[in-house]
Amino acid sequence: DGEEDDLMYQEDDVKKRGGNDSDDDHAVLDSKIDPKDWLLEVERVAPKLKIQMPNDSKEWRNHLQQTRSYKQVIETQFPTAKVQLEKLSVNLSSALEKIKGKE
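Conventions adopted
- Residues numbered from 1 in each chain as written.
- Predicted model: local features only at pLDDT ≥ 70, side-chain atom pairs only at ≥ 80, totals over all residues.
- Heavy atoms only, no water.
- Helix = DSSP H or I, 4+ residues; strand = E, 2+ residues; numbered from the N terminus.
- Buried < 20%, exposed > 50% of the residue type's maximum accessible area, 1.4 Å probe, protein only.
- Areas by Shrake-Rupley, 256 points an atom, 1.4 Å probe, with all protein chains shown as cover.
- Expected span 1.5 Å × (residues − 1).
- Bend = angle between axes of the 7 residues up to and from the residue.
- Patch = residues over 30% accessible without salt bridge, like charges linked within 9 Å, V, L, I, M, F, W, Y side chains within 5 Å.
- Salt bridge = Lys/Arg side-chain N within 4 Å of Asp/Glu carboxyl O.
- pLDDT = per-residue confidence, 0-100.

### Points about the overall build of the protein chain
Line of reasoning, step 1. Within the protein chain, the secondary structure is distributed over four helices and zero strands.
Line of reasoning, step 2. Going from the N terminus to the C terminus, the protein chain shows its helices and strands as α-α-α-α.
Line of reasoning, step 3. Looking at the protein chain as a whole, 0% of its 103 residues are labelled buried.
Line of reasoning, step 4. For the protein chain, the exposed surface amounts to about 10600 Å²; the carbon and sulfur share of it is 57%.

Below, the structure written as C-alpha cells:
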C-alpha cells in the first residue's frame, strides 16, 4: 500500500506541474565545459564516429574476384573433404547400428 500511495503522490506532483515539462524541454542548455576541452575531445573521437567508405569504384569487381578465389579453393578442397566425410558417415552409421543392436 505504501508504494501505491507514493505513486499517487508522484502523479499529483506531475499534474501540478502541468505544462512546465514542455518549457523545460525547450530551454537553453548552459554548458559548464571549457570550449577548448570540448574541441580537443571532438578531435579525439571524431575519427571513431566517421564511417569510412571505400572510394573504389571497382569495389564490385574486387568482390567478384574474391568470390572466384573462394570458389577455386572450395573446388580444390571439396574432393578430399568429401571422401573424409563419407568415411565418417560410414563409421557413424556402423556405430549407430551397433548401439541399436544392443538395445
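### Thoughts on helix H3 (residues 35-49)
Line of reasoning, step 1. Along its 15 residues, H3 runs 20 Å from first to last C-alpha, staying within 8% of the 21 Å computed at 1.5 Å per residue.
Line of reasoning, step 2. The sharpest bend along H3 comes to roughly 30°, located at Glu-43, with the proline Pro-47 sitting one to four residues further on.
Line of reasoning, step 3. The element H3 is barely covered by neighbouring structure, given that only zero of its 15 residues are classed as buried.

### Considerations on a nonpolar patch on the surface
Line of reasoning, step 1. On the surface, Ile-33, Trp-38, Leu-39 and Val-42 cluster together to form a nonpolar patch covering roughly 410 Å² of accessible area.
Line of reasoning, step 2. Within the secondary structure, Val-42 sits in helix H3.

### Thoughts on the pattern of salt bridges
Line of reasoning, step 1. In this structure the tally under the stated criterion is two salt bridges.
Line of reasoning, step 2. One salt bridge in this structure joins Arg-44 and Glu-41, with 2.6 Å as the shortest N-O distance. On the criterion of helical spacing, the pair formed by Arg-44 and Glu-41 is a turn pair, its members being three residues apart in helix H3.
Line of reasoning, step 3. Residue Arg-44 is classed as partly exposed on the basis of its relative accessible area of 47%.
Line of reasoning, step 4. Across the pair Lys-71 and Glu-75 runs a salt bridge whose closest N-O atoms are separated by 3.2 Å.

### Quick notes on the confidence of the model for the protein chain
Line of reasoning, step 1. For the protein chain, per-residue confidence averages 80 on the pLDDT scale, and 72% of positions sit at 70 or higher.
Line of reasoning, step 2. Of all helices and strands in the protein chain, the one with the weakest mean pLDDT is helix H1 (residues 2-17) (57), whereas helix H4 (residues 59-102) scores best (92).

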